[in-house]
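Report on the structure
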Amino acid sequence: MSETTSPSIEEFRASAQAFLDRTCERRTEETFVWGQGSDKVGMFEEKSKADEQRIVETAKAWRRQLFDAGFGWITGPLEFGGSGLTSAHQRAFLEEATGYRTPDENPFTIGLGMVAPTIQAHATPEVRDRYLQALWRGEVIACQLFSEPIAGSDLAGIQTRAVRDGDEWVISGQKVWTSGAQYSDIGEIITRTNVDKPKHKGMTMFVIDMRDPAIEIRPLRQMTGGASFNEVFINELRVPDSHRLGDVDEGWGVALTTLMNERMSIGTGMGGGGSSLGSFTRLVALAQHFGRNTDPVVRQQLADIYMHANASRWNNLRGLAKIKSGQTPGPEMSIAKLTGTLNGLRTASVVGELLGPRLTADTGEWGTFAWSELIVGLPGARIAGGTDEVMRNILGERVLGLPKDPSHQK
Ligand SMILES: Cc1cc2nc3c(=O)[nH]c(=O)nc-3n(C[C@H](O)[C@H](O)[C@H](O)COP(=O)(O)OP(=O)(O)OC[C@H]3O[C@@H](n4cnc5c(N)ncnc54)[C@H](O)[C@@H]3O)c2cc1C
């Protein structure tokens, strides 16, 4: 779609509705109130390999349909295969989709929320051409290999090494908490390429092939029962130099692109749960279901959540505006992530009050897990992408101008 032929929001909404009517069922109260729909499962839910495979295949087929109909990458630049439309078009599509049971898109959260924007901004034309559209069309799934056993909040402490060998790099080391590595085709990895420089220098980022035999992936089970993340061992993996993201030893700046997008993505509720306006609509429906929507205390709690969900959204829009004007968003994303996860806590508290023991008791009632997953998965959302404490440090230092945390490292 070109600038001159861009549809109005109303026209776009109508075509989105026609597409959704053609491809999905409308939500019923049952599927809406209790979860995201029977075709959606929790990100952290325990599932068999076969179930996981089925979810991934369904998600891929759905992404292909979305992309081919022009709804898969609505704001993406035309030259890279996107639809070249505005964030208002994107919002209109999301609003329309809330009324339908669309398939689970969890397998794409990291690839589209973090890796694709980093590839778009920093990859060579070869890598961009090979993976960008394939990611948005669901042909390729990506994961993020940042954290290591001794480097999480202190990401610049990573030790995975990449050593140059002609036109290739040889990577060895260990990553941990790698979400979705088990079904990913590619990964975005941060490595140390120079040990003589200060630790925020001397790191380089690459796109790697997750199917290479030099990579071993071992699942880690979390307290939700699921095993959505992994330990990843890398033993002399050879990567062409063309798969480097950004300049040699300048990986920190590239990693920030990913982290800012991750914070925005969790803040808007893609991974945080409870903070998005879509989750809010479901929460109101849940209160109505139990006849608690007229209770003044519940109403006040709901209003509080709505207000903070909007605050998070506006911060994200500020960040997006910065990206559009070529600037790097900074503390806006930390505010968005923190307000998002704090709103998850508020949501969890209301949900607990509405559901009472049904939240934990296995009544066999369909979909109850969608809410209990929010409760048991929330601690993870408060850690992933930078912990609440780290977000507060960033805001204290960069927004309030408080003195920097003392550090024992150079
Ligand atoms: C659900 C989930 C999914 C994840 N997925 C991925 C993934 O796909 N890829 C990936 O690379 N990583 C992933 N992670 C890892 C995540 O990025 C790290 O867990 C996170 O950065 C924290 O690092 P850590 O676990 O090493 O904790 P640490 O950094 O050791 O922190 C431990 C505690 O100390 C606090 N702390 C640390 N430093 C400070 C400080 N300076 N001031 C105050 N408090 C501090 C923290 O807030 C925390 O409470 C995931 C984590 C979770 C929970």
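Here is what the cut-offs are and how they apply
- Residues numbered from 1 in each chain as written.
- Predicted model: local features only at pLDDT ≥ 70, side-chain atom pairs only at ≥ 80, totals over all residues.
- Helix = DSSP H or I, 4+ residues; strand = E, 2+ residues; numbered from the N terminus.
- Buried ≥ 20, exposed ≤ 12 C-beta atoms within 10 Å, placed from the backbone.
- Contact = placed C-beta atoms within 7 Å.
- Axes fitted to C-alpha atoms, helices over the stretch in contact; angles between N-to-C directions.
- Left-handed = near helix turned anticlockwise from the far one by under 90°.
- Nonpolar A, V, L, I, M, F, W, Y, C, P; charged D, E, K, R; others polar.
- pLDDT = per-residue confidence, 0-100.
- Near = placed C-beta within 6 Å.
- Domains from an automatic or database assignment.
- Expected span 1.5 Å × (residues − 1).
- Pairing = 2+ DSSP bridges.

This paragraph deals with the overall build of the protein. Broken down by element type, the protein carries twelve helices and ten strands. By residue count, 43% of the 410 residues in the protein fall in the buried class. Across the protein, the fraction of contacts at a sequence separation of at least 24, relative to all contacts at a separation of at least 6, is 73%.

Here the focus is unusual backbone geometry. The phi dihedral of tryptophan 177 is positive, around 60 degrees, even though this residue is not glycine. If you trace the backbone, tryptophan 177 turns up in the loop between β5 (168-176) and β6 (186-192). Positive phi values are uncommon outside glycine, yet aspartate 249 reaches one of about 70 degrees. Here aspartate 249 lies in the loop between β10 (244-245) and α7 (251-267). Assessed through the 14 C-beta atoms surrounding it within 10 Å, aspartate 249 is described here as partly exposed.

Another point: the packing of helix α1 (residues 9-23) against helix α4 (residues 87-97). In contact at an axis separation of 9 Å, α1 and α4 are set at 35 degrees when each is read in the N-to-C sense. Considering only the axes of α1 and α4, their crossing is right-handed. Residues Ile9, Phe12, Arg13, Ala16, Gln17 and Leu20 of α1 touch α4, and the partners they reach there are Ala88, His89, Ala92, Phe93, Glu96 and Ala97. Taken together, the residues of the contact of α1 with α4 sort by class into eight nonpolar, two polar and two charged.

Further remarks concern the confidence of the model for the protein. Here the protein shows a mean pLDDT of 86. Residues at 70 or above account for 88%. A low-confidence stretch, residues 36-41 stays under pLDDT 50, and its non-local contacts, those more than four residues away or across chains, total 13 contacts. Within the model, the stretch residues 270-275 combines pLDDT values under 50 with 35 contacts to residues more than four positions away or in other chains.

Quick look at the site of the ligand now. In the vicinity of the ligand there are 21 residues, among which Phe146, Gly152, Ser153, Gly380 and Thr387 approach most closely. Those elements giving two or more residues to the shell around the ligand turn out to be β3 (142-145), α11 (369-383) and α12 (388-398). Counted by class, the shell around the ligand contains nine nonpolar, ten polar and two charged residues. In terms of domain composition, the shell around the ligand takes at least three residues from each of domain 1 (142-250) and domain 2 (268-398).

Now for helix α5 (residues 109-122). Taking 1.5 Å as the rise per residue, α5 with 14 residues should run 20 Å; its terminal C-alpha atoms sit 19 Å apart, in good agreement. Burial within α5 is extensive, with ten of its 14 residues counted as buried. Restricting attention to buried positions, one finds in α5 the residues Ile110, Gly111, Leu112, Gly113, Met114, Val115, Ala116, Thr118, Ile119 and His122.

Once that is clear, we can look at the pairing of strand β7 (residues 203-209). With six of seven residues buried, β7 is to be regarded as a mostly interior element. Both β6 and β7 contribute to a ladder of seven bridges, which runs antiparallel. Paired with threonine 191 across the bridge in β7 is threonine 204. In this sheet, β10 lies alongside β7 in antiparallel orientation, the contact comprising two bridges.

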